[in-house]
Structure formats: C-alpha cells, structure tokens
Amino acid sequence: MDEHHLSVAALRALAAVLIACPLTTVTAGPGIPHAEDADPPARVGRISHLSGQVLFTDFRTDEEMQAILNWPVTSQQRVATGRAARAEIRIGSTALRLDGETIVDFDRIDDAVIRIVLQRGTLTLRLRNREKLREIEVLTARERIVFDDVGRYRIDVDRVPGITSLSTFVGVGRVVVNHMTFVVHSGQRGEISSLPSVRFQLVAAASDLFDEWVAQRDQRDDALRSTRYTSPETTGIESLDEYGEWRTVETYGTVWFPASVPVGWAPYRYGRWAYIPPWGWTWIDDAPWGFAPFHYGRWVYIRSAWAWVPGPYIARPCYAPALVAWYGSPGVSMSIGVSTVGWFPLAPGEIYIPPYRHSQRYVSYVNFGYGSHVTVIAPPSQYRYRQRDFSTWVPSDAVLRRLPIPRVIQAAPNEWVKLPTAPQPPIRVPVEGRKFKLQKLAPVFADVDANALRLDRPPQVIPPHGGDQPPARRDSPARTPINDGETQPPRRHLEPLPLDPPRVQLPRTAAPRPDGWPVQMPASRPRKPLPDDRPHRVQTEKMPSLPRPFDPAPQPAPRAEPPAFRADPASRREPKNDGPHPIKSMPRQRALAQ
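What you see is a predicted model; the values in this text were computed from it and never measured.

Trainee: It is not clear to me how the overall build of the protein chain should be interpreted in this structure. Could you clarify?
Mentor: Looking only at helices and strands, the protein chain features seven helices and 32 strands. Counting every position in the protein chain, which comprises 594 residues, the buried fraction comes to 51%. Of the contacts formed within the protein chain by residues at least 6 apart in sequence, a portion of 67% connects residues at least 24 apart. Approximately 27,900 Å² of the protein chain is accessible, and the part contributed by carbon and sulfur atoms is 54%.

So this is what it looks like as structure tokens:
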C-alpha cells in the first residue's frame, strides 16, 4: 500500500511538471518579444519636397546629412529647415509641411501611432483620413495637440518666445496643457502661454505666404486621380498624376506608365541604395515620382514600356524597402571593392522575401495580392526579369557608399547565369549600417544665428506636476560604447500626456466661423516668395504609345481586404492615461561641423 501511494504521488508530481512546462514556454517574459513585435512597421513617411537648406538626422544611426528627396521617414528621425527653406513629408494621406527655421522630430511612426514633436518653428498638417485622427498627435515642449476632425491645421512654436499657437483653417483641434484642454474651431487661432501660468486667447486665423503655398499644394492633392486606383494611404502616390498616366491593360488591370524616362531606364536603376533600419537595404529613387512605385506593387514590361502594377486595393498597404531579388554569391560575403553585385525587379505574382526579421503574418501582408496564402517562404523556380537586359550590376562598394547607380553601372559578369538568387546583397554590412560616413558634413545653417537655431540644444520641458519654472538643464548621459569602439546615442522616448483631460470650452464669439475654405486674409508675416519649386525634368525619351485596344477608360481597382495585420488590441492600444509626464527630448544631436 505504501508503495502504491508513493507511485500515485510521483505520477501526480510528474503531471504537475508536464502541465507547468508548456506554460513556461508560452508565457514570454518582459525581455522576450512576441513574433509580431519583430515585424517592422507597415506605415512609413516620405520626404516629398525640399526647398533651400534642409538637414536630416537619424538618431538610431547617429547620422546627419542633407535631406534627400524620397528618403523614407520613420521613428527616431529629425527634419530641420534653415532660413527661407521649406520641406514636405507625406505619411500616407497625411501631409506635413515645414516653414523655414523649423525643427520637427518624428518620435514614433508605426501602425498604431504617429507622434510628432515640434521643437520650434511652423508646421502645417493636412488630415484627410478620419479613421487616423486618434492615431496622430503633435507634442511641443509644453503642450499636446490632438485633432477631432479632418482639415488643415497650423502650429507655431516660439515664433514669439514662450507662445504656442494653433490655427485651425478647417477642422477642430484641441490643445492640452496642465490638465486643461482648449478647443480651437475653424477660422480660429488659439495662442497659449504656459509659463509662468497658463494663458489662452482666441483670435481670427490669418494667412501668410507660407499658408498660400500650403493651400496650392492641397488644391493639387484634392484633384488627384491616382486615389481611384490605389489607396490614399499609399505613401507617394500624390506625385503620379503629374509624371505619368493610368491605363487599363488586359491581364493586369489599371496600371501606371511614367510619361518620360531616360534612355535605357529600368526599375531600380536610377537612384541609390541606403541601409536604413529596421528594413536594411532600401532603394532611394532619383525621380520626383519615385517612391510609391518602388515600395509597393510590382513592375511589368509591356510592349517595350515599363508599367507599375499597384495590385489590389488595400486600405493600409504595407511598405517594403525594395521589391527586388539579388544575385547571390556561392561563397562567403563579399568585402568592399572585391566584386560586383546585381539585382532585378520582381514581376507581378512573384513573392517578396523580406531579408529582415518578420513573422508569417507579415509575409502574407506585404505580399497580399501576389499569393493567396504564403506559407512557404521560398523563391520561385524562375524569375521573369532575371535577364541581362533587366538586371543592374555595380561594384559592391557603390552600394555601401550610396553612390548614384547610373555612374557606376557595369556589365554583367560572365558567370551571372550560374549565380543563385538571394533576398539581400552578398555584402558585409557595417554594424547596422552605422558610421559608414560619406564625407564630412558641412553646416547647413551658416546663415542663421547660432543662438536662434541650436540643433544640439534640448527643448524645454515642464515639471512632472506642472510647476511654474522648467527644470534646470542637464547634460545628456554618457554614450554607451558598442563593439566596434564607436559610440551609440542613448535611445529615448516621449511619454504621452493624458488622452482626455477635462475640457475647457471657451466662447466662440472671438472669431467668426468661415463658410468656406481656405480662409483668405491679409498676410501677417510677408516674406520674399521662393522660386518655383517644381522639379526640372531632364531630356528623356517619351513613353511609346500603346495600341488602341490597350487604351479603354481606366477602371478603379477592385477593393480587397488584406489579412488581419496588427489589428489585435495589444498592437493598437492607446497611450496610458496615467497623468502628466515631462516631455523628454530626442537624443541630443551631434554638434554641427565647424
């Protein structure tokens, strides 16, 4: 009997251990991310316009450079404009435009939140998607600004020292400061002074030359035809109407043809490569329209002309760094200057294999429309454009050094047919692409008073419980050495303020509500008009005309629903409403070169 009881007790103990083991395996600790956490964001921004001196900083790689058209914009990056400069960043259907002497930090851009920090200067936002309103917020050193309706908004920070203003030309905006909310309706301009105490007043919204330029850009966007054939949340489609046309082609439906391209043009041939975390090797095209066609959809060669196939209509398409396949190397990875590397575009129906960390759900999402159920991540047996004429070959160091590809194109090596394909180039990447400097960067704000625009100066913050004076300036912590002996800036995040503090509804008699938009008012800050910012077109060969049977009236793309991606509550959770927090600055920018 004793032995029987002992055996029963041992079996019960063994069963308890077996039950506990799966729980230990499934439950992930705080340091073990889930599979979805390894996926890069599907949402991305784009530098769509540059005028004057504009500086771009990536705090993840500790790199600053002159801003480049079509450069992707994601979390932990900064755009700063010099005197009389302007810049435009597009994030899907949302347009952000910066006036001169403005510093904007993109603290977080992902599938759940777009968090922008306006350090100083003037920023306008054109919001068109009502479903994205609760995902967008603008922070300053003292306030938090959210939007209750689509429309056009302008935010000025420290144009007058200590004053933040929100001008609502169309829409309804809210300014949150010290547990109080101030509402600004259409046609109104709200001015807030937070120190030494909060003061708020409403006046009529006034336009200047910058607002007139913004209104012209908005009118062009309102007349877009490209939104009939692909989602407005496809970053970069606002440039397609001006530089090409849509046609209906049998087998592929409605596709887009560029109006003119250089002789010998092929997709992913006129631009450069850049290593951009978290995606890795990213294509930066030279064409003013060269963003959407190289990060979404596929290219197809039809009767001696290239056309972009956007694929099925997806409400929120998934960004990819470059939809190409590379020629691999049968041996070890190449070193700088040893050999050549080549690539070619993917055709419709060919699966894109992400070379970065991803989940199975992400692969299905980024390839939606080109494979019903992507269960096996493997290249096809034969690529359509794996040919000499459609492939591009350059020295391997040209990729690392971001050299313009047309200047360094080489002939395909003799053994190119025998080389395997790979999702990324056979190049030994520097530590996360970090510290591979192109040249010593010259200061871009030499004509600006150093005390008026200091990029290495942290913004003001408010005390944790709303005191009267800001805390004393503190030096940044020492940087942590990495394996290669260099340094890496500490990564910081901005803590969100309360989502819905008590609202303070002010009288609306101070400013009348206009009947239409845009509001035409006298210029309050006249400035010298900037030169025409439209890109100059180079002499190119015209797109060959297609036969008449290929030219029926384009039809809107059929709508389709992508697989559920990041729709779970955990990935779409709102910021915690746990009381006010001090707004921390982005990592301190390296001092400009002397």
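Trainee: Hey, could you run me through the nonpolar core in this one?
Mentor: Nonpolar side chains tend toward joint burial in soluble globular proteins. In terms of nonpolar packing, the biggest core is built from 108 residues, with Phe106, Phe147, Trp273, Trp289 and Trp343 touching the most fellow members. Ranked by the residues each element gives to this core, the list is headed by strand β9 (residues 114-127), at six residues.

Trainee: Mind showing me how you'd approach helix α2 (residues 209-222) here?
Mentor: Think of an α-helix as turning once every 3.6 residues; residues three or four places apart then point the same way. Between its first and last C-alpha atoms α2 spans 20 Å; for 14 residues at 1.5 Å apiece the expected length is 20 Å, and the two agree. Those residues of α2 that sit buried are Phe210, Asp211, Trp213, Val214, Ala215, Arg217, Asp218 and Asp221. In this structure, the buried side of α2 is in contact with β1 (45-51), β6 (86-91), β7 (94-98), β9, β12 (151-157) and β13 (163-170). Structurally, the start of α2 carries an N-cap: the backbone nitrogen of Phe210 is 3.1 Å from a side-chain oxygen of Asp208.

Trainee: How should I be thinking about the packing of aromatic side chains in this particular structure?
Mentor: Geometry of an aromatic ring pair is reported as the spacing of the ring centres plus the angle between the planes. Counted under the stated rule, the structure contains 33 aromatic pairs. Arranged with centres 4.7 Å apart and planes meeting at 50 degrees, the rings of Phe147 and Tyr153 form a pair that is tilted. Each member of the pair, Phe147 as well as Tyr153, carries the same accessibility label: buried. Relative to Trp299, the ring of Trp289 has its centre 6.4 Å away and its plane inclined at 55 degrees; by these criteria the two rings are tilted. Taken together, the residues span a long stretch of sequence, with Trp289 in the loop between β22 (280-285) and α4 (292-295) and Trp299 in strand β23 (residues 298-302) at a distance of ten residues. For Trp289, a relative accessible area of 5% puts it in the buried group.

Trainee: Sorry, what's going on with the sheet that holds strand β27 (residues 392-395) here?
Mentor: Strand pairing in a sheet is mediated by backbone hydrogen bonds. Such pairs are either parallel or antiparallel. With respect to topology, four strands assemble into an open sheet ordered β27-β26-β25-β28, the strand pairing being antiparallel. Every interior strand has two partners, whereas the edge strands, β27 and β28 (421-422), have only one.

Trainee: Please explain the side chain of Asp211 as it appears in this structure.
Mentor: Relative to the elements of secondary structure, Asp211 occurs in helix α2. For Asp211, a relative accessible area of 1% gives the class buried. Side chain to side chain, Asp211 and Arg154 meet in a polar contact 2.7 Å long. Once residues within four sequence positions are removed from consideration, Asp211 is found in contact with Thr124, Arg152, Arg154, Phe169 and Ala206.

Trainee: Sorry if this is basic, but what is going on with the pattern of salt bridges here?
Mentor: Where charged atoms of side chains with opposite charge meet at close range, the side chains can pair. Applying the stated rule across the entire model yields 36 salt bridges. A salt bridge links Arg130 to Asp149; the nearest nitrogen and oxygen atoms lie 2.5 Å apart. Taken as a pair, Arg130 in the loop between β9 and β10 (136-139) and Asp149 in the loop between β11 (144-147) and β12 lie far apart in primary sequence, 19 residues in all. According to the relative accessible area criterion, Arg130 is exposed, its value standing at 53%. Close ionic contact of Glu143 with Arg142 constitutes a salt bridge, the shortest N to O distance being 3.6 Å.

Trainee: Whenever I open this one, the environment of Asp218 confuses me. Can you help?
Mentor: Relative to the helices and strands, Asp218 resides in helix α2. At 2.8 Å, the side chain of Asp218 forms a polar contact with the side chain of Arg97.

Trainee: Even after reading the chapter, I still don't get unusual backbone geometry, so can you show me in this structure?
Mentor: With the exception of glycine, the majority of residues adopt a negative phi angle, and the majority of peptide bonds are in the trans configuration. In this chain, Pro277 is followed by Pro278 through a cis amide linkage whose omega measures 0 degrees. Examined against the element boundaries, Pro278 turns out to sit in the loop between β21 (271-276) and β22. Positive phi, close to 75 degrees, is recorded for Asn70, a residue that is not glycine. For Asn70, a relative accessible area of 1% translates into the label buried.

Definitions and cut-offs
- Residues numbered from 1 in each chain as written.
- Predicted model: local features only at pLDDT ≥ 70, side-chain atom pairs only at ≥ 80, totals over all residues.
- Heavy atoms only, no water.
- Helix = DSSP H or I, 4+ residues; strand = E, 2+ residues; numbered from the N terminus.
- Buried < 20%, exposed > 50% of the residue type's maximum accessible area, 1.4 Å probe, protein only.
- Contact = heavy atoms within 4.5 Å.
- Areas by Shrake-Rupley, 256 points an atom, 1.4 Å probe, with all protein chains shown as cover.
- Core = buried A, V, L, I, M, F, W, Y, C linked by side-chain atoms within 4.5 Å.
- Expected span 1.5 Å × (residues − 1).
- Polar contact = N/O pair within 3.5 Å; in protein donor to acceptor, adjacent residues only side chain to side chain.
- Phe/Tyr/Trp six-rings, centres within 6.5 Å; stacked < 30°, edge-to-face > 60°.
- Pairing = 2+ DSSP bridges.
- Salt bridge = Lys/Arg side-chain N within 4 Å of Asp/Glu carboxyl O.

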